[in-house]
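Close look at the chain arrangement
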Amino acid sequence: MTGSVHSALMPQAAAALTTYHATGIQDAAGLLLAFPLAGAAILLLGGKRTNSWGHYVGVAMPLLAFAYGVAAYVQMLGYPAAHRSRELTLYQFIDVGRFQVPLGLQLDQLSICFVLLITGVGSLIHIFAVGYMSHDPERRRFFGYMNLFLAAMLLLVLGNNYLALYAGWEGVGLASYLLIGFWQYKDSAAVAAKKAFIANRVGDVGLSLGIMLMFAQFGTVTFQGVFAAVPSASHGVVTAIGLLLLLGACGKSAQVPLQSWLLDAMEGPTPVSALIHAATMVTAGVYLIVRSAPIFDLTPDARLAVAIVGAVTLLFGAIIGCAKDDIKKALAGSTMSQIGYMMLAAGLGPAGYVFAIAHLLAHGFFKAGLFLGAGSIKHEMNEEVDMRRFGGLAKVMPITWVTFGLAYLAIIGIPPLSGFFTKDPIIDAAFAKGGTSGALLGTAALIGAGITGFYMTRVMLMTFHGERRWDDTVHPHEAPPVMTWPMIVLAIGSVFAGGLLIVDNRLLNFLGPVTGVPPTRHGLWTWSGIVALALVVVAFGIAYALYGRREIPVTAPAGSPVTVAARKDLYGDAINEGLLMRPGQWLTRLSVFFDNRGVDGLVNSLAAATGGSSGRLRKLQSGFVRSYALSMLVGGVLLVGALLLVRL
Amino acid sequence: MVSPAHFIALSVILFVIGAVGVLVRRNAIVVFMCVELMLNAANLAFVAFARMHNGLDGQLIAFFVMVVAAAEVVVGLAILTSIFRARRSASVDDANLMKY
């Protein structure tokens, strides 16, 4: 009886899911990978011949994949909730004795959410990029990489085992490297690409070790096999796997302590930033945690670590976002912060998984909208990104202003836009966790919401309002339709996505079988939501007083120590340098010294000793037969003497 | 009465004469003869012990030694003649090209 009473109050973990074979349209799920892969192949292998029409292929492939995704989604809706998880095998990926890894795809409620987000928002970004990259001679190569990015991300979310996920994971890392460093003739871009790649590798070590641990313990890497075996594993092993997966997620999702690459990743063309921040890449970490829900359900310690990482990052990113004058970097700080919310929610277990995904989907819309808006401004302002040189753009770029503004209202959580619906449940769930940790996490999320209101208002005011501060050399006007339409669609999504997902528990009912069901919420207005809204209003007031009423100096003022620290990414790079790079360099120097003096010294002196003694010994080979005879005689006598001595 | 000790003493004397000859003489022919002397000293000891123990083993070994000595002389003298032809000298000290 007690169980049923509790079930209404306590979050429920997902029941073990049976997976069925895909039929009908879903049987061709390989097309989801094939479309963008074919696009990448045509554009990258086709070379300059495809220059004139390449971008059409680049746009068509994600659109086709999106159309297929919608068809598969419609078919899924036709099944009863417990029968929606479908899988199919593409081919045998690894076939070694008892170790079998089929490259299987899994279409279930969670992966279809990601498929629709990746292909849908991804397509819009591709369309935008047609206009944005129109003057770039390498536009074809750009679209090839973008399609590759989508293909890798789709493999990541569609794979039905951790190895396929890992392959997609690495593909995403490669594609992001290629795209961040797309303008590789710029030193900063090349360095940023390398930085992103290396920071991601650190996370990948965690993920690969986690997968190896799974294989060592359970002998399988498929989701079903691992999740079936996890309950019988020891608590230490499960926690270790959870923490290793968290390390992987930290790298890909730019969470503290592996956050440093995300801000530098702004060196890539703006559509890339939009793709990385909204549709692909940084959402992969959240996907990994939510997908591994059956593992994290069993280890509260690892879950708490996830939540703490999320809470720390959401404050970390928000503080950085407040100080950046580069519009893209301010938005990048905001992404870190929002992904922090998702990680926090994912760390709350079944109480938060659904809200993590809801916020992720809504974030996909408004963050893509914000980045495309920033891209459109950058495009019109001769690649200028310093907000101190913007100002008053609302009059000259009205469409960008409206779309950016709607996404802005969505991200700070003004009802009834998306952010309000998706962020508040996370704060609420954090407080509902109870205990000191729940109170701390919830407070962090609340403060984060306030800071979000501040820095986004700052971006808004510095960019679109006040006096114009740009030179006479730039003549900004509205971007062409190919760029504005995706922004308009994303703005509509930013407005409605959150409400559509959360009201009537739509996403919850849809995802429930995979992620578990959080406790029932009563109404949309909770006290935490009201406090968060009040904080946002106060933050808006402060930001307006600082940036709306006063004139903004073109050169940045010195600022308080906090501002200085935030401008330097809260010393993330300095910490990495001091904690990892310098000791690493000392270690290599020490190793080189030890190698030169120790190992080489030992080997070299041994060789010298052998050489020297043989040089002396060879003088015995005099060529005089009689001296040989003498040594033979002496030897014989000694031998006989020795034999006599031991009486043999 | 000639005891085995006498034979052994003679054998030792012959062996030492041979060994000293090998070490001090330069002429290859003489060195050869000294080697033969040592071999025969060994033979004498074998045969003496064989008689002392009333066995045939030692005598058998003596035959083997003779065969080996004969073979050695054949090969050795052939080498010696060719060296003499090339260098016009039978001194073992002159044939010292193979050295460090």
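Preceding block: the structure.
Residues numbered from 1 in each chain as written. Chains lettered and ligands numbered in written order. Predicted model: local features only at pLDDT ≥ 70, side-chain atom pairs only at ≥ 80, totals over all residues. Heavy atoms only, no water.

1. Regarding the overall build of chain B
For the record, the criterion: Runs of H or I in DSSP of at least four residues are treated as helices and runs of E of at least two as strands, each being numbered from the N terminus. With C-alpha atoms as the basis for the radius of gyration, the globule rule is written as 2.2 Å multiplied by the number of residues raised to the power 0.38. Think of it in three bands: residues with accessible area under 20% of the maximum for their type are buried, residues over 50% are exposed, and the middle band is partly exposed, with areas taken using a 1.4 Å probe on protein chains only. It only takes one pair of heavy atoms within 4.5 Å for two residues to be counted as in contact. For the accessible areas, the method is Shrake-Rupley and the probe is 1.4 Å, while residue cover comes only from the protein chains on display.
Check the secondary structure of chain B and you find three helices and zero strands. Starting at the N terminus and walking to the C terminus, you meet the elements of chain B as α-α-α. Over its C-alpha atoms chain B spans a radius of gyration of 17 Å, topping by over 25% the 13 Å that the globule rule assigns to 100 residues. Over its C-alpha atoms, taken along the principal directions, chain B stretches across nearly 50 × 25 × 25 Å. The 100 residues of chain B split such that 27% are buried. The contacts in chain B between residues at least 6 apart in sequence include a share of 58% that link residues at least 24 apart. When the accessible surface of chain B is totalled, it reaches about 6800 Å², and 74% of it is carbon and sulfur.

2. Description of the packing of aromatic side chains
All names here are of chain A. Going by this rule: Only rings of Phe, Tyr and Trp enter the pairing, Trp through its six-membered ring, and a pair is recorded when the two centres are within 6.5 Å. The plane angle decides the type: under 30 degrees is stacked, over 60 is edge-to-face, the rest tilted.
On inspection of all chains with the given rule, the structure shows 15 aromatic pairs over all chains. Pairing F114 with Y287 gives two aromatic rings, centres 5.0 Å apart and planes at 75°, and the pair type is edge-to-face. Here Y287 lies in helix α12 (residues 282-291) and F114 lies in helix α4 (residues 109-132), a separation of 173 residues in the sequence. With a centroid separation of 6.4 Å and 85° between ring planes, the pair formed by Y162 and F227 is classed as edge-to-face. Of the two residues, Y162 sits in helix α6 (residues 162-180) while F227 sits in helix α8 (residues 223-229), which places them 65 residues apart along the sequence.

3. Comments concerning the interface of chain A and chain B
Condition: Take the accessible area each of two parts loses on contact, using a 1.4 Å probe, and add the two losses: that sum is the buried area. We define a salt bridge as a contact between a side-chain nitrogen of Lys or Arg and a carboxyl oxygen of Asp or Glu at a distance within 4 Å.
At the junction of the two partners, chain A supplies 12 residues and chain B supplies 13 residues. Between chain A and chain B, the buried area comes to about 1100 Å², and carbon and sulfur atoms account for 63% of it. At the surface where chain A touches chain B, the tally comes to one salt bridge. The partner of D93 of chain B in a salt bridge is R626 of chain A, with the nearest N and O atoms 2.6 Å apart.

4. Things to note about unusual backbone geometry
The linkage connecting V256 of chain A with the following residue, P257 of chain A, adopts the cis geometry, with an omega of 10°. Mapped onto the elements, P257 of chain A comes out in the loop between α9 (235-252) and α10 (260-264). Of note in the backbone geometry, D504 of chain A takes a positive phi value of approximately 65° without being a glycine. Following the sequence through the fold, D504 of chain A ends up in the loop between α21 (481-502) and α22 (506-515). Positioned with a positive phi, R88 of chain B is a non-glycine residue whose angle comes to about 60°. Structurally, R88 of chain B can be placed in the segment after α3 (57-87). Overall, the relative accessible area of 63% leaves R88 of chain B in the exposed class.

5. Observations concerning the packing of helix α14 (residues 300-323) of chain A against helix α15 (residues 327-347) of chain A
Packed helix pairs are characterised by how far apart their axes lie and by the angle those axes make with each other. All names here are of chain A. Inclusion rule: Every angle, taken between N-to-C directions, lies between 0 and 180 degrees, and every axis is a line fitted to C-alpha atoms, over only the stretch in contact when it is a helix. In what follows, roughly perpendicular refers to angles from 65 to 115 degrees, roughly parallel to angles under 35, roughly antiparallel to angles over 145, and oblique to any angle outside these ranges. Note on convention: the crossing is left-handed when the near helix lies turned anticlockwise from the far helix by less than a right angle, right-handed when the turn is clockwise.
Close contact between α14 and α15 brings their axes to 7 Å; oriented N to C, the two are set at 160°. Taken together, the axis directions place α14 and α15 in an arrangement best described as roughly antiparallel. Crossing geometry of α14 relative to α15 is assigned as left-handed. Here R303, L304, V306, A307, G310, A311, T313, L314, F316, G317, A318 and G321 of α14 come into contact with α15, specifically with A330, G333, S334, M336, S337, G340, Y341, M343, L344, A346 and G347.

6. With respect to the sheet that holds strand β3 (residues 99-107) of chain A
Using the following cut-off: Paired strands, as defined in this entry, are two strands with at least two bridges between them according to DSSP.
Here we have three strands laid out as an open sheet, ordered β1-β2-β3 (chain A), and mixed in their pairing. Each having just a single partner strand, β1 (20-21) and β3 of chain A make up the two edges of the open sheet.

7. Brief notes about α6 of chain A
The test is simple: The span you would expect from a helix comes to 1.5 Å times its residue count less one. Residues adjacent in sequence count toward polar contacts only when both atoms are side-chain atoms; beyond that, a polar contact is any pair of N or O atoms within 3.5 Å, and within protein one must be able to donate a hydrogen and the other to accept it.
Compared with an ideal rise of 1.5 Å per residue, which puts 19 residues at 27 Å, α6 of chain A spans 26 Å between its outermost C-alpha atoms and is within 8% of the ideal. Where α6 of chain A begins, the side chain of N161 of chain A points an oxygen toward the backbone nitrogen of L163 of chain A, at a separation of 3.0 Å.

What is shown is where atoms sit, not what they do.
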